[in-house]
Amino acid sequence: MFPSTNFRELCHRHQLAATHQRQVIYETVTSLSGHPSPELIYEKVREKIPSISLATVYKNIRTFLDSGMLREVSLHHGSLRVEPNQRPHHHLVCIHCKSITDFDEAGLDPVRLRAKPPRGFQVQRIAVDVLGICAKCASKAAHKPRKV
Ligand SMILES: [Zn+2]
Ligand SMILES: [Zn+2]
């Protein structure tokens, strides 16, 4: 199996060598919903390439992130999560289970900086984290009597 034209073009644009392995990893990521961790991506990729190692999957995800072909969800969630959603959006983050839900950019008033960023800082995009408690965690908390 050879990398498809689309994938080859995409790699070419980002100056990456298009390999079959990379294509499988990339297509796996973009087919997943939510914000997959490298471990989850590895589990899925292994269904197609059983001999692949977690280290290889990690390395290729890094390469995709460095080249800009994929985006990282946010630097401050603690662990690496890959962002398959290419549309501009913000995130709803549950402070209990750390689940991350996409929130369409249109659902928030446009965010603008009122103060100038420190000299030399170039703003690329503004991403907002809306912190709260997800429905799952909220219903769990409602059923469990709280000890004081
Ligand atoms: Zn939660
Ligand atoms: Zn997202």
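Just so we're clear, the structure is a prediction, and the values are computed from it rather than from any experiment.

1. Remarks on the overall build of the protein chain
Moving on, step 1. When you go through the protein chain residue by residue, the secondary structure sums to 5 helices and 5 strands.
Moving on, step 2. Starting at the N terminus and ending at the C terminus, the protein chain contains elements arranged as α-α-α-α-β-β-β-β-β-α.
Moving on, step 3. The C-alpha atoms of the protein chain give 19 Å as radius of gyration, which overshoots the globular expectation for 148 residues (15 Å, by more than 25%).
Moving on, step 4. Over its C-alpha atoms, taken along the principal directions, the protein chain stretches across nearly 60 × 45 × 25 Å.
Moving on, step 5. Counting the 148 residues in the protein chain, one finds 28% classified as buried.
Moving on, step 6. Working note: accessible area of the protein chain is about 10700 Å², and carbon and sulfur atoms make up 54% of it.
Moving on, step 7. Across the protein chain, the mean location of the 22 positive side-chain charges is 6 Å away from that of the 13 negative side-chain charges.

2. Observations regarding the nonpolar core
Moving on, step 1. Of all hydrophobic cores here, the largest spans 22 residues; its most connected members are I25, I41, V45, V57, I61, F64 and M69.
Moving on, step 2. Of all elements in the fold, only helix 1 (5–13), helix 2 (20–31), helix 3 (38–46) and helix 4 (54–67) reach the threshold of two or more residues within this core.
Moving on, step 3. Excluding its chain neighbours within four sequence positions, the residues that come into contact with M69 are F7, L10, C11, H14, L16, Y26, F64 and Q86.

3. Remarks on the domain arrangement of the protein chain
Moving on, step 1. If you check the domain split of the protein chain, you get domain 1 (5–72) and domain 2 (87–143).
Moving on, step 2. Each of domain 1 and domain 2 was reduced to a C-alpha centroid, and the two centroids are 25 Å apart.

4. So, the coordination of the zinc ion (ligand 2)
Moving on, step 1. Every protein donor of the zinc ion (ligand 2) is accounted for by H35 (NE2), E83 (OE), E83 (OE), H89 (NE2), H91 (NE2) and D102 (OD), and the metal-donor separations fall at 2.1 to 2.8 Å.
Moving on, step 2. Taken together, the 6 donor atoms surrounding the zinc ion (ligand 2) define angles of 51 to 172° at the centre, an arrangement classified as irregular.
Moving on, step 3. Counting the intervening residues between successive donors of the zinc ion (ligand 2) yields the motif H-x47-E-x5-H-x1-H-x10-D. Residue H35 is located in the loop between helix 2 and helix 3, and its partner H89 is located in strand 3 (residues 89–94); the two are separated by 54 residues in the primary sequence.
Moving on, step 4. H89 sits in the buried class, given a relative accessible area of 6%.

Procedures and definitions
- Residues numbered from 1 in each chain as written.
- Chains lettered and ligands numbered in written order.
- Predicted model: local features only at pLDDT ≥ 70, side-chain atom pairs only at ≥ 80, totals over all residues.
- Heavy atoms only, no water.
- Helix = DSSP H or I, 4+ residues; strand = E, 2+ residues; numbered from the N terminus.
- Rg over C-alpha atoms; globule rule 2.2 N^0.38 Å.
- Buried < 20%, exposed > 50% of the residue type's maximum accessible area, 1.4 Å probe, protein only.
- Areas by Shrake-Rupley, 256 points an atom, 1.4 Å probe, with all protein chains shown as cover.
- Lys, Arg positive; Asp, Glu negative; His and termini not counted.
- Charge placed at Lys NZ, Arg CZ, Asp CG, Glu CD.
- Core = buried A, V, L, I, M, F, W, Y, C linked by side-chain atoms within 4.5 Å.
- Contact = heavy atoms within 4.5 Å.
- Domains from an automatic or database assignment.
- Donors = N, O, S within 2.8 Å, 3.2 Å for Na, K, Ca; no water.
- Tetrahedral: all angles 85-135°; square planar, octahedral: opposite > 155°, others 65-115°.

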